[in-house]
Amino acid sequence: MVDLARSGGRYYATVLCAGFDALVNERANQMTWPRGQMRYNLATLAELRVFRPLSYVLELDGRQHRTEAMLVAVGNGPSFGGGLRITEGALLDDGMLDVVVIKPMSRGGLVRTYPKLFKGTHTTHPAYEHHRVRQVTVACPGITTYADGERFGPLPMTVECAPGALTVFA
């Protein structure tokens with residue numbers, strides 16, 4: 001049995017992204033060329049050129065938290081997007097969600113930190129913040145979330161852990 005993350009009647013298995021990463025997905029989905037991973041690379045560069053930190057209001061198990069951030073990720077599992085380990089340490093069967101906040105950093109800092117996401121070594125960066133919760137509400141104007149790589153829905157959104165919601169047969 002593994003957990004799923006649930007928002008209303010919708011579920012996802014790995015990570016919901018809400019911020020820079022979601023805006024890159026939105027941009028890439030509007031592009032017709034090139035195909036494959038290069039589309040996301042170009043979308044990342046284009047978004048990086050114009051991106052500014054966003055103002056979030058989070059409710060973490062009932063505690064309100066206001067912050068400026070590059071992104072907020074709500075993980076049931078540790079990775080998304082071809083192995084980016086944004087919610088490093090998240091477990092699929094612990095009954096908890098892992099909420100990662102990446103605080104504002106320079107464009108250069110973001111570019112230098114990006115390769116660390118593939119190994120999960122970004123967790124020591126001073127802009128990294130991690131919370132373990134059963135439920136989170138994320139609010140930020142103008143952001144549409146992506147979960148498991150698919151367009152999921154607009155913020156504000158409440159996500160809760162659905163423990164043991166999926167039975168996996170080996």
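The structure we're discussing is the one just above.
About the criteria used
Within any chain, residue numbers begin from 1 and follow the written order of that chain's sequence. Reporting of local features is limited, given that this is a predicted model, to residues whose pLDDT is at least 70; pairs of side-chain atoms are given and counted only at 80 or more, and all residues count toward the totals for whole chains, interfaces and linings. Here the side-chain values reflect all heavy atoms present in the structure, with hydrogen atoms and water set aside. For the purposes of this entry, the term helix denotes a DSSP run of H or I that reaches at least four residues, the term strand denotes a run of E that reaches at least two, and both are numbered from the N terminus. For this measure, only C-alpha atoms enter the radius of gyration; the expected value for a globule follows 2.2 Å times N^0.38, where N is the number of residues. Only protein chains enter the area calculation, which uses a 1.4 Å probe; residues under 20% of their type maximum are buried, those over 50% are exposed, and those in between are partly exposed. Should any heavy atoms of two residues lie within 4.5 Å, those residues are considered in contact. Method for areas: the Shrake-Rupley scheme with a 1.4 Å probe, in which residue coverage is limited to the protein chains shown. Neither His nor the chain ends contribute to the count of charged residues, in which Lys and Arg are positive and Asp and Glu negative. Charged groups are reduced to one reference atom each: NZ for lysine, CZ for arginine, CG for aspartic acid, CD for glutamic acid. Cavities and pockets were defined on a 1 Å grid built over protein atoms only: a cavity is a set of grid points that admits a 1.4 Å probe from which the probe cannot escape, a pocket is an open set flanked by protein on both sides within 12 Å along at least five of seven lines, and lining residues are those with an atom within 4 Å of any such point. Grid points are joined across faces, edges and corners, and a volume is the space filled by probe spheres set on the points. Only the six-membered ring of Trp is used, alongside the rings of Phe and Tyr, when aromatic pairs are assigned; centres must lie within 6.5 Å, and planes under 30 degrees apart are stacked while those over 60 apart are edge-to-face, with the rest tilted. A pairing counts as a salt bridge when a side-chain nitrogen of Lys or Arg comes within 4 Å of a carboxyl oxygen of Asp or Glu. We call a set of buried residues a nonpolar core when its members are Ala, Val, Leu, Ile, Met, Phe, Trp, Tyr or Cys and they connect through side-chain atoms within 4.5 Å of each other. Strands are labelled as partners when DSSP assigns at least two bridges between them. Orientation is described by lines fitted to C-alpha atoms, with helices fitted over the stretch in contact, and by angles between N-to-C directions that extend from 0 to 180 degrees.

Undergrad: How should I be thinking about the overall build of the protein chain in this particular structure?
TA: Within the protein chain one finds three helices and 12 strands. Expected size for 170 residues packed as a compact globule is a radius of gyration near 15 Å; at 15 Å, the protein chain falls within 12% of this value. By principal-axis analysis of the C-alpha atoms, the protein chain measures approximately 40 × 35 × 30 Å. Counting across all 170 residues of the protein chain, residues that qualify as buried make up 47%. Counting contacts in the protein chain only where the partners sit at least 6 residues apart, residues at least 24 apart contribute 68% of the total. Surface summary for the protein chain: the accessible area is close to 8,700 Å², and the carbon and sulfur share equals 56%. Looking at the protein chain, you have 18 positive and 15 negative side-chain charges, and the mean spots of the two groups are 9 Å apart.

Undergrad: Could you clarify how one ought to interpret the layout of surface pockets in this entry?
TA: Any space left empty among the atoms is revealed by the rolling of a water-sized probe across them. Of the pockets and cavities examined, the largest pocket occupies roughly 750 Å³. Surrounding the largest pocket, 34 residues form its lining, Phe20, Asp21, Thr44, Leu84 and Tyr114 being those nearest its centre. If you list the elements that add at least two residues to the lining of the largest pocket, you get β3 (15-19), α1 (20-30), α2 (37-50), α3 (107-113) and β10 (144-147). In terms of residue count, the dominant contributor to the lining of the largest pocket is α2 (six residues).

Undergrad: Got a minute to help me understand the packing of aromatic side chains in this structure?
TA: Two numbers describe a pair of aromatic rings. These are the distance of the centres and the angle of the planes. Counted according to the given criterion, the structure contains three aromatic pairs. Aromatic side chains Phe20 and Phe51 sit 5.1 Å apart centroid to centroid with 75 degrees between the ring planes, which places their arrangement in the edge-to-face category. One end of the pair, Phe20, is in helix α1; the other, Phe51, is in the loop between α2 and β4 (54-60), with 31 residues separating them in the sequence. Each of the two residues, Phe20 as well as Phe51, counts as buried.

Undergrad: I would appreciate a short explanation of the side chain of Asn25 in the present structure.
TA: Here Asn25 lies in helix α1. Assessed through its relative accessible area of 12%, Asn25 is described here as buried. Excluding residues that lie within four positions of it along the chain, Asn25 makes contacts with Cys17, Tyr40 and Tyr146.

Undergrad: What is the right way to look at the pattern of salt bridges in this model?
TA: Think of it this way: side chains of opposite charge can pair up when their charged atoms draw near. The tally for this structure, following the rule as stated, stands at seven salt bridges. We note a salt bridge from Arg6 to Glu160, for which the minimum N-O separation is 3.0 Å. Placement of the pair is Arg6 in strand β1 (residues 2-7) and Glu160 in strand β12 (residues 157-166), with a sequence separation of 154 residues. The partly exposed category is assigned to Arg6, whose relative accessible area is 23%. Glu129 is the salt-bridge partner of Lys103, the closest N and O atoms lying 3.4 Å from each other. With Lys103 in the loop between β7 (97-102) and α3 and Glu129 in strand β8 (residues 128-133), this pair connects stretches of sequence that are 26 residues apart. A residue is classified by how much of its surface remains accessible, and Lys103, at 24% relative accessible area, is partly exposed. A single network of salt bridges, built from pairs that share partners, joins Asp94, Asp98 and Arg132.

Undergrad: For this particular structure, what's the right way to read the nonpolar core?
TA: Inside soluble globular proteins, nonpolar side chains tend to come together where they are buried. Formed by 48 residues in total, the largest nonpolar core has its most connected members in Val74, Ile86 and Val136. With five residues, the top contributor of residues to this core is β7. Excluding its chain neighbours within four sequence positions, the residues that come into contact with Val136 are Glu59, Leu60, Val74, Leu97, Val99, Met157, Thr158 and Val159.

Undergrad: Help me out: how do you make sense of the sheet that holds β10 in this one?
TA: Strand-to-strand pairing in sheets goes through backbone hydrogen bonds, with the strands running parallel or antiparallel. Across the sheet, which stays open at both edges, the six strands sit in the order β8-β7-β6-β3-β10-β11 with antiparallel pairing between neighbours. At either end of the open sheet lies a strand with only one pairing partner, and these are β8 and β11 (150-154). Each adjacent strand pair in this sheet contributes to an overall mean axis angle of 20 degrees, direction not counted. Packed on one face of the sheet, α1 meets β3, β6 (71-75), β10 and β11 and runs near 90 degrees to β3.

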